[in-house]
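If you want the building blocks of each chain, they are given just below.
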Protein chains: 2
Amino acid sequence: MLVNVEKETKLFGQSIRQNIRVTFNYEVHFTHNIFNLKNPTLAQAIASDGEKKTKKIIALIDAGLLEFCPYLLAQLTNYTKFYAEVITLAAEPMLIPGGEAAKNEPKLLEQIHQLIEAAGICRHSYLLAIGGGAVLDLVGYAAATAHRGVRLIRIPTTVLAQNDSGIGVKNGINAFGKKNFLGTFAPPYAVINDSAFLTTLCDRDWRSGIAEAVKVALIKDANFFDFIHAHTTALAHRDMDSMQQLIYFCAQLHLEHIAKAGDPFEIGSSRPLDFGHWAAHKLEQLTDYRLRHGEAVAIGIALDSTYSYLLGMLSHSEWQKILKTLAGLGFTLYVPELAEQSSPKNTRCLFRGLTEFREHLGGELTLTLLQRIGKGVEVHEVDLSLYKQAISLLREFEKQQQMLLKRN
Amino acid sequence: MLVNVEKETKLFGQSIRQNIRVTFNYEVHFTHNIFNLKNPTLAQAIASDGEKKTKKIIALIDAGLLEFCPYLLAQLTNYTKFYAEVITLAAEPMLIPGGEAAKNEPKLLEQIHQLIEAAGICRHSYLLAIGGGAVLDLVGYAAATAHRGVRLIRIPTTVLAQNDSGIGVKNGINAFGKKNFLGTFAPPYAVINDSAFLTTLCDRDWRSGIAEAVKVALIKDANFFDFIHAHTTALAHRDMDSMQQLIYFCAQLHLEHIAKAGDPFEIGSSRPLDFGHWAAHKLEQLTDYRLRHGEAVAIGIALDSTYSYLLGMLSHSEWQKILKTLAGLGFTLYVPELAEQSSPKNTRCLFRGLTEFREHLGGELTLTLLQRIGKGVEVHEVDLSLYKQAISLLREFEKQQQMLLKRN
Ligand SMILES: NC(=O)c1ccc[n+]([C@@H]2O[C@H](COP(=O)([O-])OP(=O)(O)OC[C@H]3O[C@@H](n4cnc5c(N)ncnc54)[C@H](O)[C@@H]3O)[C@@H](O)[C@H]2O)c1
Ligand SMILES: NC(=O)c1ccc[n+]([C@@H]2O[C@H](COP(=O)([O-])OP(=O)(O)OC[C@H]3O[C@@H](n4cnc5c(N)ncnc54)[C@H](O)[C@@H]3O)[C@@H](O)[C@H]2O)c1
Ligand SMILES: [Zn+2]
Ligand SMILES: [Zn+2]
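What counts and what doesn't
Note on numbering: residues in each chain are counted from 1, in written sequence order. Lettering of chains starts at A and numbering of ligands starts at 1, both following the order in which they are written. This being a predicted model, a pLDDT of at least 70 is required before a residue's local features are given, and a value of 80 or more before pairs of side-chain atoms are given or counted; all residues contribute to the totals for chains, interfaces and linings. Side-chain measures here rest on the full set of heavy atoms in the structure, leaving out hydrogens and waters. A run of DSSP states H or I qualifies as a helix once it reaches four residues; a run of E qualifies as a strand once it reaches two. Both are numbered from the N-terminal end. Buried means the residue's accessible area, taken with a 1.4 Å probe over protein chains only, is under 20% of the maximum for its type, while exposed means over 50%, and partly exposed covers the values in between. It only takes one pair of heavy atoms within 4.5 Å for two residues to be counted as in contact. Here the term donor refers to an N, O or S atom within 2.8 Å of the metal (or 3.2 Å for Na, K and Ca), and because water is left out of the atoms, sites may appear incomplete. We call a residue near a molecule or strand as soon as one heavy atom of that residue lies within 4 Å of the molecule or strand. N or O atoms within 3.5 Å of each other form a polar contact, as long as, within protein, one can give a hydrogen and the other can take it, and as long as residues adjacent in sequence are counted only when both atoms are side-chain atoms. In this count, Pro and Cys sit with the nonpolar residues alongside Ala, Val, Leu, Ile, Met, Phe, Trp and Tyr, while Asp, Glu, Lys and Arg are called charged and the others, Gly among them, polar. Note on areas: Shrake-Rupley, 1.4 Å probe, and residue coverage restricted to the protein chains presented here. Throughout, nonpolar core names a set of buried Ala, Val, Leu, Ile, Met, Phe, Trp, Tyr and Cys residues whose side chains join them through atoms within 4.5 Å. Given the number of residues in a helix, its expected span is that number minus one, multiplied by 1.5 Å. Superposition of the copies used a least-squares fit over C-alpha atoms from residues whose pLDDT is at least 70 in both.

By the naming in an unreviewed UniProt entry, chain A goes by 3-dehydroquinate synthase and is assigned to Anabaenopsis circularis NIES-21.

Shown next as structure tokens:
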């Protein structure tokens, strides 16, 4: 077992190569009314860990969700009583302000850590995070860093969280005015998507998550884009069947990318699914989070599609089809902050977002553009004057849309 | 590519099973005088990332080390100038108080994050952490959480950091009075062990790290224990050749365990190499960190070996051989805090350490005991009265040692 190092041997210049493989498994369940006593999904997910003891859980709940689901706390309590052999609540649920506020207030992170400590949560206990993407990102970060990682069950309650942010391997909070400056890669123990939660979403949040589906469809799957295009009106009018299919397809494509693109923790240079995101992140910040993430992504997609068109990569008809689909879904494709173009050195300049994007992901600048619908392509250089032109085109497009709306 | 979901199909009850494999590679180099301009180890380690651009690095240095190596900053600057094609210092090095203080002051974490932000460090830039295990644990945690993980090169400068803490996959800081309450699993980009740093260690820190070697030898490798036993005097008298071999063997065993025990991130129930550590962690805390980690581990090893003997698992002669080796290395095997045995409910009680140990690792209580030298065995129950007896035996043993010392 021991290397035979004789007394005289010099060790200088020696090295040991370490190779570590880590496997993560988790299931993404699709269900309806998760806390209905007849719905065993959650209890089964926890029981499937194979350990016999009753498991401690603590719940962390999006306060913005709770406004619309006043019975949630009582349902949760009943559920844990009914499944008392499997789970027990180790503390009162903690309410967390919903939306980006959750990720902008460092005190919340500390409070969750405190709760984990006070409730005696160990690496084999469970945190239940129930809420939108922002709350899940915060709780995920807290869970990943307490005891070097306690088990996290995500129960995403927005479209975006169910089809994108809640099913993946990332978490994070904002710091120094930068989105997700702090965070880790940490797969959840399980994810449970409950469509019943979606009924109470405001229109903006219902729509917002659709942007991520358009994103992944555009760079990965023309059929899926056709599905969205064909269901534009149904989706805009909150047809639940269409929405469920959209979420399932989108989740599937995201999961596949994470598992199969070869670099789930983005250690090397392989890219996450971030088409349209350089501008999106910057616009969220420039608008002081007046824009939802998905709303900003829709603009980012429109911008990078337009730029792809101006570069001669994307055809005129496909470009128009993309903008019209986004507009048909109800997205606004122009905001005044797009015109903040002073200088990339200036933090208030949109194009500063390119630098920040590069720094966050590391290495050389890499943007995804569109060759055609369903096919993304990576580039490493940008032409700012062409981007400025793209922004003018978007302003024009949005003006026309507004006029059309007024006429009808 | 798309699952064929007909409009009418119910998705409830569906689930997608996600399987993610992540591979981490890193090299542990053994060298001498890392910042000698003729020593390319560091520059090569960075150049081997295959990216052509000059890499930004920032250095974070143990202030306690710097006292003994006043030329370190100048050497580092010269080195980066000499290898300017590969690396460039993106900011002034940051000095970090050495020892456990580094892990007890949350402000330091924030300051490192601030520096990363200000210096524009991205996921493809490098943090160079130079120092003892405590500084490496803090910097490792900061590196793992900024941008979801920037690259970290660890340059451990104590025995313990070179043979154990600095070569593994864990980082962490203390919170709520608990050791390593916050932290993550995050393999480094590379580790460079420079034996030249060891010459300035005080005797306590020289000795302290040997405890981890005794630990891993006792549970994994009788030959290695024989090596330590045979070199007791040489090691106690700071023979550098013996120490280098000890570090190499010990690092090798640790790396092998991490890579091959099947669960490097301790997701399931497989155990880290933590023989003697339940008491060690508690004693560090009970003594307000008057004890070094390794000093506490030596006591923890002595305690759990004695308990193994009382349980009838370990033979009398092997038990004595272990205690005498530890004493011969210069370890004190009894401290008054061992007598704090009020009640496991009391945070000041030694046996409270069993609960805290279980909570930190999660799941059922699992202690490693000794069947014989070189062979650890796991148990899930403890007999506190037998542990109390073991503590009395240790007090006796230590009394005798002190008498022997006085006589000589
Ligand atoms: N981790 C990732 O991989 C990843 C990926 C994409 C986006 N994100 C992050 O996700 C966040 C956006 O998440 P989001 O779009 O879910 O919005 P959100 O979390 O900001 O929530 C929007 C609002 O909806 C409320 N809400 C939540 N569920 C509700 C429900 N069922 N009914 C009524 N109201 C409800 C919230 O309280 C909040 O006010 C951003 O911070 C973004 O950065 C993360
Ligand atoms: N991450 C892990 O897997 C892991 C494993 C074991 C231990 N640890 C942690 O490691 C820490 C202990 O580390 P340590 O034993 O290296 O001690 P340390 O980091 O506490 O350092 C001890 C002292 O030595 C000084 N020092 C460092 N290098 C020196 C040198 N070359 N010459 C002179 N002085 C020097 C430091 O300033 C400090 O004052 C504990 O916090 C422990 O929890 C972590
Ligand atoms: Zn997104
Ligand atoms: Zn240790």
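Visitor: Would you explain the side chain of Gln162 of chain B in this entry?
Guide: All names here are of chain B. For Gln162, the position within the fold is in helix 7 (residues 159-165). Gln162 sits in the buried class, given a relative accessible area of 2%. Setting aside its immediate chain neighbours within four residues, Gln162 contacts Pro156, Thr157, Ile167, Asn193, Asp194, Ser195, Leu198, Ile247 and Ala251.

Visitor: Would you mind showing me how to read the coordination of the zinc ion (ligand 3) here?
Guide: Each pair of donors in an ideal octahedron of six around a metal sits at 90 or 180 degrees, and each pair in an ideal tetrahedron of four sits at 109.5 degrees. Residues and elements named next belong to chain A. Bound to the zinc ion (ligand 3) on the protein side are Glu212 (OE), His277 (NE2) and His293 (NE2), at distances that span 2.0 to 2.2 Å. Read in sequence order, the donor residues coordinating the zinc ion (ligand 3) give the pattern E-x64-H-x15-H. You can see His277 sitting in helix 13 (residues 277-286) and its partner His293 sitting in helix 14 (residues 293-310), a full 16 residues away along the chain. Note on accessibility: His277 and His293 belong to one class, buried.

Visitor: Just to check I follow, could you spell out the coordination of the zinc ion (ligand 4) for this structure?
Guide: Residues and elements named next belong to chain B. The zinc ion (ligand 4) binds to the protein through Glu212 (OE), His277 (NE2) and His293 (NE2); the donor distances cover 2.0 to 2.2 Å. On the primary sequence, the residues serving as donors to the zinc ion (ligand 4) are separated as E-x64-H-x15-H. Overall, His277 belongs to the buried group, its relative accessible area being 6%. What makes His293 buried here is its relative accessible area of 19%.

Visitor: Sorry, what's going on with the site of ligand 1 here?
Guide: Residue and element names in this part refer to chain A. Within the structure, ligand 1 sits among 24 residues, and Asp62, Gly133, Thr157, Thr158 and Lys179 are positioned closest to it. One nitrogen or oxygen atom from the side chain of Thr158 is found 2.5 Å from an oxygen atom belonging to ligand 1. Taken together, the elements giving at least two residues each to the shell around ligand 1 come down to helix 2 (63-68), helix 6 (133-145) and helix 7 (159-165). Partitioned by chemical class, the residues of the shell around ligand 1 number 6 nonpolar, 10 polar and 8 charged.

Visitor: What exactly am I supposed to notice about the site of ligand 2 here?
Guide: Residues and elements named next belong to chain B. The immediate surroundings of ligand 2 are formed by 24 residues, with Asp62, Gly133, Thr158, Lys179 and Thr200 found nearest. Between ligand 2 and Thr157, the relevant distance is 2.7 Å, taken from a nitrogen atom to a side-chain nitrogen or oxygen of the residue. In the environment of ligand 2, an oxygen atom lies 2.5 Å from a nitrogen or oxygen atom belonging to the side chain of Thr158. For ligand 2, the protein covers 90% of the area, taking 860 Å² as the surface of the free molecule. Within the residue set of the shell around ligand 2, elements represented by two or more residues are helix 2 (63-68), helix 6 (133-145) and helix 7. Across the shell around ligand 2, the residue classes tally to 6 nonpolar, 10 polar and 8 charged.

Visitor: How should I be thinking about the nonpolar core in this particular structure?
Guide: For soluble globular proteins, the rule of thumb is that nonpolar side chains tend to be buried together. In terms of nonpolar packing, the biggest core is built from 170 residues, with Phe224 of chain A together with Phe224 of chain B touching the most fellow members. Counting 60 residues, the second-largest nonpolar core is a separate cluster that includes Ile96, Ala142 and Phe181 of chain A together with Ala134 of chain B.

Visitor: How do you make sense of helix 15 (residues 316-328) of chain A when you look at a structure like this?
Guide: Note on helix geometry: an α-helix contains 3.6 residues per turn, so any two residues three or four positions apart are oriented the same way. Residue and element names in this part refer to chain A. Taking 1.5 Å of rise per residue, the 13 residues of helix 15 would be expected to cover 18 Å, and the 18 Å separating its terminal C-alpha atoms lies within 8% of that figure. Along helix 15, the residues classified as buried are Trp319, Gln320, Ile322, Leu323, Thr325, Leu326 and Ala327. Elements that come into contact with the buried residues of helix 15 comprise helix 9 (210-220), helix 10 (222-230), helix 11 (232-236), helix 14, strand 10 (367-372) and helix 17 (384-407). Looking one or two residues beyond helix 15, the residue adopting positive phi is Gly330, at roughly 105°.

Visitor: What's the story with the environment of His147 of chain A in this structure? I'm lost.
Guide: Tracing the sequence through the fold places His147 of chain A in the loop between helix 6 and strand 6 (151-156). What makes His147 of chain A buried here is its relative accessible area of 3%. Setting aside its immediate chain neighbours within four residues, His147 of chain A contacts Ile116, Ile121, Cys122 and Arg123 of chain A together with Phe181, Glu359 and His360 of chain B.

Visitor: Before we go on, may I ask you to explain the relation of the copies chain B and chain A in this structure?
Guide: Related by rotation about an axis and a shift along that axis, the two copies of the chain form a pair. Of the transformation superimposing chain B on chain A, the axial component is 0.0 Å and the angular component is 180°, with the fit at an RMSD of 0.0 Å. Those values place the two copies in the arrangement expected of a two-fold rotation axis. Closest approach to the rotation axis within chain B is made by the C-alpha atom of Val22 of chain B, at a distance of 2.7 Å. Comparing interface residues between copies, 100% of those in chain B also sit at the interface in chain A, which points to an isologous, same-surface contact.

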